[in-house]
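Chain by chain, the residues run as shown.
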Amino acid sequence: MKKFDVAIAGGGVIGGAISLELARAGLRVALFDRQIPGQEASWASAGILSPAPETAGMIPLVPIGKTSMALYPEFVAEVEGISEEKTGYRPKGTIQALFSRDARAELSTVIALHHGVGLKAEPLRTEEARKLEPALSEEMEAAILRPDEGCIDNRALMSAVLVAARKSGVEIFAASEVKSIWREGSRCAGLVVGEEKIAAQWTVIAAGCFSASIEGVGGYAPVQPAKGQIMALRGGGLKIERVLWSENIYLVPRNDGRIIAGATVENIGFDRKLTAGGMQKNLEGAIELAPGLANAQIEETWAGLRPDTPDHLPILGPTDVEGLLIATGHFRSGIVLTPITARLIREWITLQKVSVDWDRFSPLRFAQATRNASN
Ligand SMILES: Cc1cc2nc3c(=O)[nH]c(=O)nc-3n(C[C@H](O)[C@H](O)[C@H](O)COP(=O)(O)OP(=O)(O)OC[C@H]3O[C@@H](n4cnc5c(N)ncnc54)[C@H](O)[C@@H]3O)c2cc1C
């Protein structure tokens, strides 16, 4: 029987980064993925790095989002240094463009909301915004600079994280589906992978929106897929330096000249179909924000499944089964939250305490609700 200090289910950016952090701390780590690792949400993502809450319900995420953003330079340096691969990290800020008739009032509200949660946001005159980003529409009524935000090429990051993990001693097993956790009484003794039992002192579930299908996990991680349709555009004489936002779309630059435009948010199960309506929404939003994109080539279209949760907040930390931890449910913020997630799981496993309060994200909030419902 194979034996490890830590067995991780799921080789997306979350499982990959956790495996790297634990191997760097001297632990013997195994990472299992049912396919080639890194091909799901972490591949499909846009790679925006922003701790700003998209809804009031996501305000509890801001403190760990800010901590994660602060860890990013060090995280990227480590991953790029070990892997010798680039990640396309661009900590250049983002610009939000407002188009509504009452854009002035909206500007004050958006800025006040950001300042209220301790995030930087500055009004920009539209001419200044267009000087920084000439691709922006002349129809824009107001603009906001969020200087501490940025983006990363998530596909490049994913590849670099896996290379760095392997070079640091992580044993990565592709085409290895985790069927269930291996329970021994009140303890988790590891994972059942295919027909094989894998023994581990610690077990981490990081299988994204598929986590609930692993037997023994659903009560702690009732994750659901939230589909996102997205596309890559190129050309049209346009170059952008920073992430550009409007109410309807985001545009994300890549170092190879592609501009990522997305994304829909659809709660329709495990469905990855590209639809005419989804593509129309993305294209209309993109051309409104940067009209020159009307001449761009549509280079690639795809859809991915975000790991969403009943309260849209991540599920992080130990369960009431000894040795079993959950790290999933990052919904729209998994790339932003990768460094802090890896750090917190490593701290818990090596020190049994964490440096940032994570109680709000405990897997027990759902396990308790499941028990109450069945009583
Ligand atoms: C269109 C889109 C745009 C996004 N944009 C952003 C953004 O701009 N910024 C941001 O921060 N986040 C964004 N996200 C969200 C972010 O991509 C996710 O939160 C993050 O990638 C989740 O990573 P993960 O490792 O948990 O899951 P995944 O990347 O989905 O990885 C899960 C892994 O588990 C494996 N697996 C599943 N079941 C099993 C099993 N039984 N056994 C073994 N392995 C298994 C899968 O094969 C997969 O490799 C976006 C997501 C999408 C889809």
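Residues numbered from 1 in each chain as written. Predicted model: local features only at pLDDT ≥ 70, side-chain atom pairs only at ≥ 80, totals over all residues. Heavy atoms only, no water.

Student: Is there a simple way to explain the overall build of the protein in this structure?
Tutor: Secondary structure assignment for the protein yields 9 helices and 18 strands. Taking 375 residues into account, the globule formula puts the C-alpha radius of gyration at 21 Å, and the protein, at 21 Å, falls close to it. Counting only C-alpha atoms, the protein reaches 65 × 45 × 40 Å along its principal axes. Across the 375 residues that make up the protein, the buried fraction comes to 55%. (Helix = DSSP H or I, 4+ residues; strand = E, 2+ residues; numbered from the N terminus. Rg over C-alpha atoms; globule rule 2.2 N^0.38 Å. Buried < 20%, exposed > 50% of the residue type's maximum accessible area, 1.4 Å probe, protein only.)

Student: Would you explain the sheet that holds strand S6 (residues 142-146) in this entry?
Tutor: To summarise the sheet geometry, strands pair through backbone hydrogen bonds and adopt either a parallel or an antiparallel arrangement. If you walk across this open sheet you meet the 8 strands as S5-S6-S4-S13-S14-S15-S12-S16, and the pairing is mixed. In this open sheet, the two strands that pair with only one neighbour each are strand S5 (122-124) and strand S16 (296-308). In this sheet, adjacent strand axes meet at a mean angle of 25 degrees when their direction is disregarded. Examined bridge by bridge, strand S12 (residues 224-235) and S16 share 12 bridges and lie antiparallel to one another. (Pairing = 2+ DSSP bridges. Axes fitted to C-alpha atoms, helices over the stretch in contact; angles between N-to-C directions.)

Student: What exactly am I supposed to notice about a negative patch on the surface here?
Tutor: Side chains of Glu139, Glu141, Glu247, Glu284 and Glu288 sit close together on the surface and give a patch of like negative charge. Relative to the helices and strands, glutamate 284 is located in helix H7 (residues 276-289). Assessed through its relative accessible area of 52%, glutamate 284 is described here as exposed. (Patch = residues over 30% accessible without salt bridge, like charges linked within 9 Å, V, L, I, M, F, W, Y side chains within 5 Å. Areas by Shrake-Rupley, 256 points an atom, 1.4 Å probe, with all protein chains shown as cover. Salt bridge = Lys/Arg side-chain N within 4 Å of Asp/Glu carboxyl O. Lys, Arg positive; Asp, Glu negative; His and termini not counted. Charge placed at Lys NZ, Arg CZ, Asp CG, Glu CD.)

Student: In this structure, what is going on with the packing of aromatic side chains? I would like to understand it.
Tutor: We describe a pair of aromatic rings using the distance from one ring centre to the other and the angle between the two ring planes. Applying the stated criterion across every chain yields a total of 8 aromatic pairs. Relative to phenylalanine 173, the ring of phenylalanine 4 has its centre 6.3 Å away and its plane inclined at 75 degrees; by these criteria the two rings are edge-to-face. Of this pair, phenylalanine 4 sits in strand S1 (residues 3-9) while phenylalanine 173 sits in strand S8 (residues 171-173), and the two are 169 residues apart along the sequence. Looking at phenylalanine 4, the relative accessible area reads 6%, which means it is buried. Three or more aromatic residues joined by ring pairs form one cluster here, namely Phe4, Phe32 and Phe173. (Phe/Tyr/Trp six-rings, centres within 6.5 Å; stacked < 30°, edge-to-face > 60°.)

Student: Hey, could you run me through the side chain of threonine 309 in this one?
Tutor: Mapped onto the elements, threonine 309 comes out in the loop between S16 and strand S17 (315-318). For threonine 309, a relative accessible area of 4% puts it in the buried group. The contact partners of threonine 309, leaving out residues within four places of it in the chain, are Pro222, Ile315, Gly329, Arg365 and Phe366. (Contact = heavy atoms within 4.5 Å.)

Student: Even after reading the chapter, I still don't get the pattern of salt bridges, so can you show me in this structure?
Tutor: Note that side chains of opposite charge can pair when their charged atoms are close. Scanning all chains against the criterion turns up 29 salt bridges. Here arginine 242 ties to glutamate 133 by a salt bridge, and the two come within 2.8 Å at their closest N and O atoms. Placement of arginine 242 in the loop between S12 and strand S13 (243-245) and of glutamate 133 in the loop between helix H5 (126-132) and S6 is noted, with a sequence separation of 109 residues between them. Judged on exposure class, the residue arginine 242 and its partner glutamate 133 are both buried. Across the pair arginine 146 and glutamate 149 runs a salt bridge whose closest N-O atoms are separated by 3.2 Å. Given the relative accessible area of 7%, arginine 146 is considered buried. Through salt bridges with shared partners, a single ionic network connects Arg155, Arg234, Asp256, Arg258, Glu299 and Glu300.

Student: I'm lost on the site of the ligand in this one. Help?
Tutor: Close to the ligand lie 40 residues, the nearest being Asp33, Gln35, Ser42, Ile48 and Val178. Within the backbone of arginine 34, one N or O atom sits 3.1 Å away from a nitrogen atom of the ligand. Contact distances for the ligand include 2.9 Å between a nitrogen atom and a backbone N or O atom of arginine 332. At the level of elements, helix H1 (13-24), helix H2 (41-44), S12 and S16 are the ones that each hand at least two residues to the shell around the ligand. Per-element accounting of the shell around the ligand gives the leading share, 4 residues, to S16. Each of domain 1 (3-83 + 154-223 + 310-374) and domain 3 (224-308) contributes no fewer than three residues to the shell around the ligand. (Near = heavy atom within 4 Å. Polar contact = N/O pair within 3.5 Å; in protein donor to acceptor, adjacent residues only side chain to side chain. Domains from an automatic or database assignment.)

Student: Looking at this structure, I do not really get the nonpolar core. What am I missing?
Tutor: Note on soluble globular proteins: their nonpolar side chains tend to be buried together. One finds Ile8, Ile18 and Val204 to be the most contacted residues of the largest nonpolar core, which totals 52 residues. Counting only elements with at least two residues in this core, the list comes to S1, H1, strand S2 (29-32), helix H3 (62-83), helix H6 (154-167), strand S11 (196-205), strand S18 (324-328) and helix H8 (338-351). Examining the composition of this core, we find that 8 residues originate from one element, H3, more than from any other. Those residues within four positions of isoleucine 8 in sequence are excluded, and the remaining contacts are Gly15, Ile18, Ser19, Leu22, Val29, Ala30, Leu31, Phe32, Leu191, Val204 and Ala206. (Core = buried A, V, L, I, M, F, W, Y, C linked by side-chain atoms within 4.5 Å.)

Student: How should I be thinking about the pairing of strand S9 (residues 178-184) in this particular structure?
Tutor: Within a regular strand, side chains alternate between the sheet's two faces. Alignment of S9 against strand S10 (residues 187-193), held across 6 bridges, turns out to be antiparallel. Across the sheet, residue isoleucine 181 finds its bridge partner in S10, namely leucine 191. The antiparallel hairpin formed by S9 and S10 contains 2 residues in its connecting segment, where glycine 185 sits at a positive phi of about 65 degrees.

Student: I keep staring at H1 and nothing clicks. Help me out?
Tutor: The periodicity of an α-helix, 3.6 residues per turn, causes residues three or four places apart in sequence to face the same way. Between its first and last C-alpha atoms H1 spans 16 Å; for 12 residues at 1.5 Å apiece the expected length is 16 Å, and the two agree. The buried count for H1 comes to 11 of 12 residues, which makes it a mostly enclosed element. Residues of H1 that are buried: Val13, Ile14, Gly15, Gly16, Ala17, Ile18, Ser19, Leu20, Glu21, Leu22 and Ala23. Once H1 finishes, glycine 26 follows within two positions and takes phi at roughly 95 degrees, a positive value. (Expected span 1.5 Å × (residues − 1).)

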